[in-house]
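The lines below spell out each chain.
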Amino acid sequence: MTATLQPSAPAPVAAQRPSNPVVSALGDGVVIAKRNVIKIKRVPELLVFTLLSPIMFILLFAYVFGSAIPIEGINYREFLVGGIFAQTVIFGATITGAGLAEDVQKGIMDRFRSLPMSRAAVLFGRTASDVIINVITLVIMALTGLAVGWRIREGLLKALLGFAIILLFAYAISWVMAWIGLLVPSPEVVNNASFMFIFPATFIANTFVPTDGFPSALRFVANWNPVSSVTQAGREYFGNTGLPVPDVWALQHPVAYTLIWTVLILLVFVPLSVRQFKVAASR
Amino acid sequence: MADVITASGLVKRYGEKAALDGLDLTVPEGTILAMLGPNGAGKTTTVRILTTLLEPDEGTATVAGVDVRKDPSGVRALIGLSGQYAAVDEYLTGYENLDMIGRLYKLGRKQSKARARELLERFDLADAGDRVAKGYSGGMRRRLDLAGALVAQPPVLFLDEPTTGLDPRSRSGMWDVIRELVAQGTTLLLTTQYLEEADRLADDIVVVDRGRIIAQGTADSLKSQVGGERIELVVEHADQLDQARGVLAGVAVGEVAVDEHTRRLTAPVTGGGKALQEALRQLDAVGVTALDVGLRRPTLDDVFLSLTGHAAEDGEDGTDSPAPTTKAGQQ
Ligand SMILES: Nc1ncnc2c1ncn2[C@@H]1O[C@H](COP(=O)(O)OP(=O)(O)OP(=O)(O)O)[C@@H](O)[C@H]1O
Ligand SMILES: [Mg+2]
């Protein structure tokens, strides 16, 4: 093979790649993630989406709904913030899908696919950069939340666990969005498709109001919705409790239930997305 | 010389339609093969298969001895690709684009940065290197994309219409880069719609149409397939046409074509300049005034037309109105 090339031919520099495929795939993932983070700085809409809309959400819900939704046992604003955390980071996963669709559309994916790099790294790098965006978003929302009356009552360590489980669940959703992004022809379609799915998924849940008042069928869906369990898990870690928890296994064991969903989603959508990446061709 | 790129019996179907219909080609080491073909001929499809972006339905292909289907990642380590549409990340600067590619090729941090700067310099992008690529012109994107293909100095390069959209200066700059690369031993497959480009750069040319190779050879051998040289003469007055035809018939090796409307006569000849001199001498002797006379060789345009039955898509000046190799002005 390469032996047929005369010494005059330039040596392929790529031959120096590290022998360990895992190390090299991780390196690729870091390069891709870095690229996506740079993009956040350069695309104003993304920055607005990441920084401003969470603040707006907290303020709107806290003052508009907060005054109209009295609930027993806890200050509504304290109850609300955990739900908004969950909803916002799940929406954040859309960035993964739209970003991937854009890369396919613009032919950048072809460039990546022609390089001697790990194919999964493009996806891992992409989803990893979502985590970074989500961390930034959560910090800003937490500060805004603290300003409007949200409190951390179980200590910092538990609060960090609360953030961690929310981030973990959002990470799994990023892979669902990655798959959608590689499946559809353009970023706009990703946005539309995901809004159709994320809006109901985050509203038919305990995110904004307790589920007791829902009609029974809706209440059943809401109580078993993993968005409810991740919200509930967050609230427990932050100590934003005081309301009776519905007598449903999913909400009685919110951490376990959320982790089960996270693992299942990853098991299904990581391989699906990697496979779709291999076939996603531009034009 | 070993064949660095080989393809045999490539078939790729999209539904009923065959984008490639049994395509074969070989590129010997250190040479340039130009694929010439009209829109939709299957040039891009071929490049995508050879660069592992697309799997063929049938057929085999190797790059530097590595099978593109059996060991695609082995192939990727050896190739550089610049696709038909510039794959530039708009949100990164030119420098960041190249550095990212360098890192993905596993160049060390230092090496990758140095290489990025070097390539920006070479492609006339040094000043724009730290600006976001969104603001680049089409030609700048094109050059950045090509620079991206060269980051790891791959021994085999695939360039899909590398100079489409470049101005004449950038184009000839690109040609210089390509010649330099090949002089260093790079093997190169390029597709083009510009006949002049194939003529000037390529060691070998394949003409593709409807997913098949319909002709193959050096520019000269392709040209001789459509015929040899000919004298073209435009006379000043229409009443001199007959006299001129008589003279040309004496030196021609075939029939003399006359276009009365443009007062143009075309006569196939052998012996080039000698035949032209002889014709001019005789024309002078009989008192025919030539408005324009020249010896013309067939251009790739003629080749293309006669082979595919349709003209190349061509917005280029210079290629569709070829200059005569010898031109005598008014006598
Ligand atoms: N993804 C696809 N789906 C359906 N048809 C396709 C696809 N890709 C290519 N084709 C068809 O295959 C044929 C060959 O296309 P290809 O892009 O290889 O042509 P080309 O020679 O590169 O043309 P151009 O000069 O316009 O770039 C065309 O008829 C095209 O319509
Ligand atoms: Mg093409």
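Here is what the cut-offs are and how they apply
Numbering of residues begins from 1 in every chain and follows the order in which that chain's sequence is written. Each chain is given a letter, starting from A, and each ligand a number, starting from 1, according to the order in which they appear as written. Under the rules for a predicted model, residues below a pLDDT of 70 receive no local features and side-chain atom pairs below 80 are neither given nor counted, while totals for whole chains, interfaces and linings still include all residues. Computation of side-chain values: all heavy atoms of the structure, hydrogens and water removed. Elements are defined by DSSP. Helices are runs of H or I of four residues or more, strands are runs of E of two residues or more, and each kind is numbered from the N terminus. Throughout this description, buried means an accessible area under 20% of the type-specific maximum (1.4 Å probe, protein chains only), exposed means over 50%, and partly exposed covers the range between. Computed with the Shrake-Rupley method and a 1.4 Å probe, the accessible areas treat only the protein chains shown as cover for residues. Lys and Arg are tallied as positive, Asp and Glu as negative. Neither His nor the chain termini are counted. In plain terms, the charge of a residue is placed at NZ if it is Lys, CZ if Arg, CG if Asp and CD if Glu. Axis definition: a line fitted to C-alpha atoms, limited for helices to the stretch in contact. Angles are taken between N-to-C directions and run from 0 to 180 degrees. Here the word oblique covers every angle except those under 35 degrees (roughly parallel), over 145 (roughly antiparallel) and from 65 to 115 (roughly perpendicular). Take the far helix as your reference; a near helix turned counterclockwise from it by less than a right angle gives a left-handed crossing, and one turned clockwise gives a right-handed crossing. By definition, residues are in contact when any of their heavy atoms lie within 4.5 Å. Under the scheme applied, nonpolar residues are Ala, Val, Leu, Ile, Met, Phe, Trp, Tyr, Cys and Pro; charged residues are Asp, Glu, Lys and Arg; polar residues are all the others, including Gly. Donors, by definition, are the N, O and S atoms found within 2.8 Å of a metal, the threshold being 3.2 Å for Na, K and Ca, and water is not counted, so a site can look incomplete. Polar contact criterion, stated in full: a pair of N or O atoms within 3.5 Å, where within protein one must be able to donate a hydrogen and the other to accept it, and residues adjacent in sequence count only if both atoms are side-chain atoms. A 1.4 Å probe that fits but cannot get out identifies a cavity on a 1 Å grid over protein atoms alone, an open set with protein on both sides within 12 Å along at least five of seven lines counts as a pocket, and a residue lines either if it has an atom within 4 Å of a point. Grid points are joined across faces, edges and corners, and a volume is the space filled by probe spheres set on the points. We call a residue near a molecule or strand whenever a single non-hydrogen atom of that residue lies within 4 Å of it. Assignment to a cavity or pocket requires that more than half of a molecule's atoms be within 2 Å of the site's grid points. A strand pair is defined by DSSP finding two or more bridges across the two strands. Put simply, a nonpolar core is a bunch of buried Ala, Val, Leu, Ile, Met, Phe, Trp, Tyr and Cys residues held in one set by side-chain atoms that sit within 4.5 Å of each other. Domain start and stop points were drawn from an automatic or database domain assignment.

A.B. asks: What exactly am I supposed to notice about the overall build of chain A here?
C.D. replies: Each helix and strand in chain A was counted, giving 12 helices and zero strands. Reading the secondary structure of chain A in the N-to-C direction produces α-α-α-α-α-α-α-α-α-α-α-α. Dimensions of chain A, computed from C-alpha atoms along their principal axes, come out at roughly 80 × 35 × 35 Å. Residues classed as buried in chain A amount to 55% of the 283 residues present. Total accessible area on chain A stands at roughly 12,300 Å², and carbon and sulfur atoms take up 72% of it. Here chain A carries 20 positive and 13 negative side-chain charges, and the mean point of each set is 11 Å from the other.

A.B. asks: How do you make sense of the packing of helix α6 (residues 119–148) of chain A against helix α12 (residues 254–279) of chain A when you look at a structure like this?
C.D. replies: Packed helices, taken two at a time, are described by the angle between their axes plus the distance between the axes. All names here are of chain A. Viewed as axis vectors pointing N to C, α6 and α12 meet at an angle of 120°, and their least axial separation amounts to 9 Å. As the angle between them shows, α6 and α12 are arranged oblique. At the point where α6 passes α12, the crossing takes the right-handed sense. Here α6 contributes Arg 119, Ala 120, Val 122, Leu 123 and Phe 124 to the contact with α12, which in turn contributes Val 270, Ser 273, Val 274, Phe 277 and Lys 278. In the contact of α6 with α12, the residues fall into seven nonpolar, one polar and two charged.

A.B. asks: Would you take a moment to explain the coordination of the magnesium ion (ligand 2) for this structure?
C.D. replies: Each pair of donors in an ideal four-coordinate tetrahedral metal site encloses 109.5 degrees, whereas pairs in an ideal six-coordinate octahedral site enclose 90 or 180 degrees. Note on the magnesium ion (ligand 2): its protein donors are Thr44(B) (OG1) and Gln84(B) (OE1). The metal-donor distances range over 1.9 to 2.0 Å. Here Thr44(B) is found in helix α1 (residues 43–50), whereas its partner Gln84(B) is found in the loop between β6 (79–82) and α3 (94–104), with 40 residues between them in sequence.

A.B. asks: How do you make sense of the side chain of Asp89(B) when you look at a structure like this?
C.D. replies: Note that Asp89(B) resides in the loop between β6 and α3. A relative accessible area of 3% places Asp89(B) in the buried class. Only 3.1 Å separates the side chain of Asp89(B) from the backbone nitrogen of Tyr91(B), close enough to count as a polar contact. Among residues more than four places away in sequence, those in contact with Asp89(B) are Arg35(A), Ile108(A), Asn97(B) and Ala133(B).

A.B. asks: Help me understand the layout of surface pockets, please; the structure alone is not making it clear to me.
C.D. replies: If you roll a probe as big as a water molecule over the atoms, it shows you where there is empty space left. If you add up the space inside the largest pocket, you get close to 590 Å³. Surrounding the largest pocket, 29 residues form its lining, Thr44(B), Arg48(B), Gln84(B), Tyr85(B) and Asp160(B) being those nearest its centre. Elements that contribute at least two residues to the lining of the largest pocket include exactly α5 (108–113) of chain A together with β2 (17–28) and α1 of chain B. Tallying contributions element by element places α1(B) first for the lining of the largest pocket, with five residues. Among the residues making up the lining of the largest pocket, the classes are represented as nine nonpolar, 11 polar and nine charged. Roughly 360 Å³ of volume is contained in the second largest pocket. For the second largest pocket, the lining is made up of 16 residues, of which Leu46(A), Thr94(A), Ile95(A), Ala98(A) and Asn191(A) are closest to its centre. Elements represented by at least two residues in the lining of the second largest pocket include exactly α2 (44–65), α4 (94–105) and α8 (187–203) of chain A. Broken down by element, the residue count for the lining of the second largest pocket peaks at five residues, all from α4(A). Here the lining of the second largest pocket is built from residues that sort into eight nonpolar, three polar and five charged.

A.B. asks: What is the right way to look at the site of ligand 1 in this model?
C.D. replies: If you check the shell around ligand 1, you find 15 residues, and the closest are Lys17(B), Gly40(B), Lys43(B), Thr44(B) and Thr45(B). Those residues lying near ligand 1 are distributed over chains A and B. With respect to ligand 1, the side chain of Thr44(B) contributes an N or O atom lying 2.7 Å from an oxygen atom. When the free accessible area of ligand 1 is taken as 630 Å², the share hidden by the protein chains comes to 68%. If you map ligand 1 onto the pockets, it falls in the largest pocket. Mapped onto the shell around ligand 1, the elements with two or more residues apiece are β2 and α1 of chain B. For the shell around ligand 1, the element with the most residues is α1(B), which contributes three residues. The class makeup of the residues in the shell around ligand 1 is four nonpolar, seven polar and four charged.

A.B. asks: Sorry if this is basic, but what is going on with the pairing of strand β7 (residues 156–160) of chain B here?
C.D. replies: Consecutive residues of a regular strand have side chains that alternate between opposite faces of the sheet. Residue and element names in this part refer to chain B. Among the five residues in β7, five count as buried, and that is most of the element. Because side chains alternate across β7, one face comprises the buried residues Val 156, Phe 158 and Asp 160, and the other comprises Leu 157 and Leu 159, equally buried. In this structure, β6 lies alongside β7, joined through four bridges in parallel fashion. What sits directly across from Leu 81, in β7, is Phe 158. Bridge count between β7 and strand β8 (residues 187–192): five bridges; the pairing is parallel. In the strand pairing of β8, Val 156 is matched with Thr 187.

A.B. asks: Just checking my understanding: could you explain the nonpolar core for this structure?
C.D. replies: Note that soluble globular proteins tend to have their nonpolar side chains buried in a common cluster. Grouped together as the largest cluster of nonpolar side chains are 119 residues, with contacts concentrated most on Phe85(A), Phe112(A), Phe123(B) and Ile205(B). Element by element, the count of residues in this core is highest for helix α7 (residues 156–183) of chain A, at 16 residues. Setting aside its immediate chain neighbours within four residues, Phe85(A) contacts Leu138(A), Met141(A), Ala142(A), Trp150(A), Phe163(A), Ile166(A) and Phe238(A). Of all hydrophobic cores here, the second largest spans 30 residues; its members include Leu10(B), Leu54(B), Val75(B) and Leu189(B).

A.B. asks: It is not clear to me how the domain arrangement of chain B should be interpreted in this structure. Could you clarify?
C.D. replies: Note: interface size is frequently given as the accessible area lost on complex formation between the parts. Looking at chain B, the domain boundaries give domain 1 (3–223) and domain 2 (228–297). Computed from C-alpha atoms alone, the centre-to-centre distance between domain 1 of chain B and domain 2 of chain B is 44 Å.

A.B. asks: Hey, could you run me through the environment of Ala290(B) in this one?
C.D. replies: Its location among the elements puts Ala290(B) in strand β14 (residues 290–296). C-alpha separation for the pair Ala290(B) and Leu233(B), spaced 57 residues apart in sequence, amounts to 6.7 Å.

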